[in-house]
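Chain by chain, the residues run as shown.
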Amino acid sequence: MAMSLRVVVPPHPLIGHWLTMLRHRETPAALYATALQELGRWLTYEALRDWLPHRRETVPGLHGNTEGTLVEASVPLIAIPVLPAGLELWQGGRSVLPDSSLCLGSCPQEIEANAGVILFVDQIRDGEATLKLLQELQSKGVDGRRLRLITALCASPGLKLLGEAIPDLTLHTACIDEGVGEQGEIRPGIGDPVRRLNLRSCGHD
């Protein structure tokens, strides 16, 4: 059976609410950051629903043994936020992750053979930068089945590029916008997260 890109847009009113906060041009920087964090939380929750390894186990209860569900601690999870704004998504996502290693800036040097990897990308425009990171993960043996990609917003051209190159990838997003402007900006979009978060580039001597 041929594999294809799976894009999940959860129909949750809280996801819609926080996306609207990102879209509103008058949203202040602090609330914009909160909106990214909340989307990170709810999209990660949805992404883990059918992906997080778990097992059934009998445990001693107050009135006898009972069967419960436990997350498999033996399966490592690696979170990779794409800096800088992807870190805000991760700040929300970490609240629903049982345990994970955080890798900042790029792929880790070594990835365990059974590890799951979660990417946090603020938005996907043309998809080229995200594809480069995904291909680096592929070179380390991580295929799409071991990946989940969390992003606040996608543009159709970026999804097309990722779908053709990484067909077994699953991506969770708050919305798909069709329009892309001449400068590559998503329309209606959520603006430039770096500018709207009041972040500055810091040079090094």
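Summary of the structure given here. (Residues numbered from 1 in each chain as written. Predicted model: local features only at pLDDT ≥ 70, side-chain atom pairs only at ≥ 80, totals over all residues. Heavy atoms only, no water.)

In terms of regular secondary structure, the protein chain is built from 6 helices and 11 strands. Since a compact globule built from 205 residues should have a radius of gyration of about 17 Å, the 18 Å found for the protein chain is in line with a globular shape. Structurally, the protein chain occupies a C-alpha span of about 65 × 45 × 35 Å along its principal axes. Sequence-distant contacts in the protein chain: of pairs separated by 6 or more residues, those separated by 24 or more amount to 69%. (Helix = DSSP H or I, 4+ residues; strand = E, 2+ residues; numbered from the N terminus. Rg over C-alpha atoms; globule rule 2.2 N^0.38 Å. Contact = heavy atoms within 4.5 Å.)

Covered by surrounding structure in strand 8 (residues 170-173) are Thr-170 and His-172 together with Leu-171 and Thr-173, the residues of both alternating faces. Looking at chain direction, strand 1 (residues 6-8) and strand 8 are connected through 3 bridges and run parallel. Bridge pairing in strand 8 places Arg-6 opposite Thr-170. Alignment of strand 7 (residues 147-155) against strand 8, held across 3 bridges, turns out to be parallel. Looking at the pairing, Leu-149 lines up with Leu-171 of strand 8. Once the chain exits strand 7 it traverses helix 5 (residues 156-165) before rejoining the sheet at strand 8, and the crossover so formed is right-handed. (Buried < 20%, exposed > 50% of the residue type's maximum accessible area, 1.4 Å probe, protein only. Pairing = 2+ DSSP bridges. Right-handed = clockwise from strand over helix to strand, strands pointing away.)

What follows is about the layout of surface pockets. In this structure, the largest pocket occupies an estimated 380 Å³ of space. Along its surface, the largest pocket is lined by 25 residues, and Val-82, Leu-83, Val-121, Asp-122 and Ala-129 are the ones closest to its centre. Only strand 4 (77-81), strand 6 (116-124), helix 4 (128-139) and helix 6 (193-196) provide two or more residues apiece to the lining of the largest pocket. At 6 residues, the largest contribution of residues to the lining of the largest pocket is made by helix 4. (1 Å grid on protein atoms, 1.4 Å probe; cavity = no way out; pocket = protein on both sides within 12 Å on 5 of 7 lines; lining within 4 Å. Points joined across faces, edges and corners; volume = space filled by probe spheres on them.)

So, on to the packing of aromatic side chains. In this structure the tally under the stated criterion is 2 aromatic pairs. Aromatic side chains Trp-42 and Tyr-45 sit 6.3 Å apart centroid to centroid with 75 degrees between the ring planes, which places their arrangement in the edge-to-face category. With Trp-42 and Tyr-45 both in helix 2 (residues 29-48) and 3 residues apart, the pair spans about one turn of that helix. With relative accessibility at 24%, the residue Trp-42 sits in the partly exposed group. The exposure class of Tyr-45 is partly exposed, given its relative accessible area of 44%. Note on Trp-90 and Phe-120: the rings are 6.0 Å apart at their centroids and 65 degrees apart in plane angle, and the pair reads as edge-to-face. Taken together, the residues Trp-90 in helix 3 (residues 86-93) and Phe-120 in strand 6 connect sequence positions 30 residues apart. (Phe/Tyr/Trp six-rings, centres within 6.5 Å; stacked < 30°, edge-to-face > 60°.)

Now for unusual backbone geometry. For the peptide bond that leads from Leu-83 to Pro-84, omega is 5 degrees, which places it in the cis range. Of note, the bond from Arg-187 into Pro-188 is cis; its omega dihedral lies within 30 degrees of zero at 0 degrees. Relative to the helices and strands, Pro-188 is located in the loop between strand 11 (186-187) and helix 6.

What follows covers helix 1 (residues 13-23). Considered for burial, the residues of helix 1 that qualify are Ile-15, Trp-18, Leu-19, Met-21 and Leu-22. Along the axis of helix 1, the buried positions cluster into a sector of 155 degrees, meaning they face one direction only. On its buried face, helix 1 sits against helix 2, strand 7 and helix 6. (Arc of directions from axis to C-beta.)

As a further point, take the pattern of salt bridges. Tallying each qualifying case throughout the model produces 11 salt bridges. With its nearest N and O atoms 3.0 Å apart, the salt bridge here joins Glu-38 to Arg-41. Here Glu-38 pairs with Arg-41, and both are found in helix 2, just 3 residues apart, close to one helical turn. For Glu-38, a relative accessible area of 16% gives the class buried. By relative accessible area, Arg-41 is classed as partly exposed at 27%. Among the salt bridges present, the one from Arg-56 reaches Glu-67, with a minimum N-O distance of 3.1 Å. Here Arg-56, found in strand 2 (residues 54-61), pairs with Glu-67, found in strand 3 (residues 64-71); they are 11 residues apart in sequence, far enough to count as distant. Under the relative-accessibility criterion, Glu-67 is labelled partly exposed at 48%. Connected through shared salt-bridge partners, Arg-55, Glu-57 and Glu-72 make up one network. (Salt bridge = Lys/Arg side-chain N within 4 Å of Asp/Glu carboxyl O.)

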